[in-house]
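# Residue-level structure breakdown
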Amino acid sequence: MDQSFARRYRLTKTDEFSSVFGFRKAIRGQWLMLHYLPASGETARIGLVVGKKLLKKAVDRNRLKRIVRDHFRRERHRLPVCDLIVRLANRPVELHSDALAGDLRQLFDRLCRQKPKPVSA
């Protein structure tokens, strides 16, 4: 099973982010929010938004992104074909890897239960 994090698994363009945010479907967890747009591609893709307003230190923002990317890389095979954006919803008191990974796992589980269908153009 391919567990790489190649460019084809990422949202890279502003238009891709805008279309996901414009779809206005999101699942909220304790610390993270998962925006999604059912897609017609071959696999799930992810984008990350972590602003300075909630995490002041760059090292904390980078750590959060690393945790999310790693968890996505391992769980990608079971996710529905969607464009996903993960962003921080609340400021965590302390940045615990296990707590953030658990929150993301719950969001992915809820997304899998919903089974979003591709939007026809």
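Everything quoted here is computed from the prediction, not taken from an experiment.

### Section: the nonpolar core
Grouped together as the largest cluster of nonpolar side chains are 28 residues, with contacts concentrated most on Leu34, Leu64, Phe72 and Leu84. Per-element accounting of this core gives the leading share, seven residues, to helix α3 (residues 97–114). Not counting the four nearest positions on each side in its chain, Leu84 is found in contact with Leu11, Leu34, His35, Tyr36, Arg45, Ile46, Gly47, Phe72, Leu79, Phe108 and Leu111. Of all hydrophobic cores here, the second largest spans five residues; its members include Leu11, Phe17, Val20 and Leu37.

### Looking at helix α1 (residues 14–23)
Residues spaced three or four apart along an α-helix face the same direction, because each turn holds 3.6 residues. Listing the buried residues of α1 in full gives Glu16, Phe17 and Val20. Buried positions in α1, seen along its axis, are confined to an arc of 100° and lie on one side of it. What points out from α1, more than 90 degrees from its buried face, is the exposed set Thr14, Asp15 and Gly22. Residues of α1 that are buried sit in contact with β2 (32–38), β3 (45–49) and β4 (82–88).

Calculation rules
Residues numbered from 1 in each chain as written. Predicted model: local features only at pLDDT ≥ 70, side-chain atom pairs only at ≥ 80, totals over all residues. Heavy atoms only, no water. Core = buried A, V, L, I, M, F, W, Y, C linked by side-chain atoms within 4.5 Å. Buried < 20%, exposed > 50% of the residue type's maximum accessible area, 1.4 Å probe, protein only. Helix = DSSP H or I, 4+ residues; strand = E, 2+ residues; numbered from the N terminus. Contact = heavy atoms within 4.5 Å. Arc of directions from axis to C-beta.

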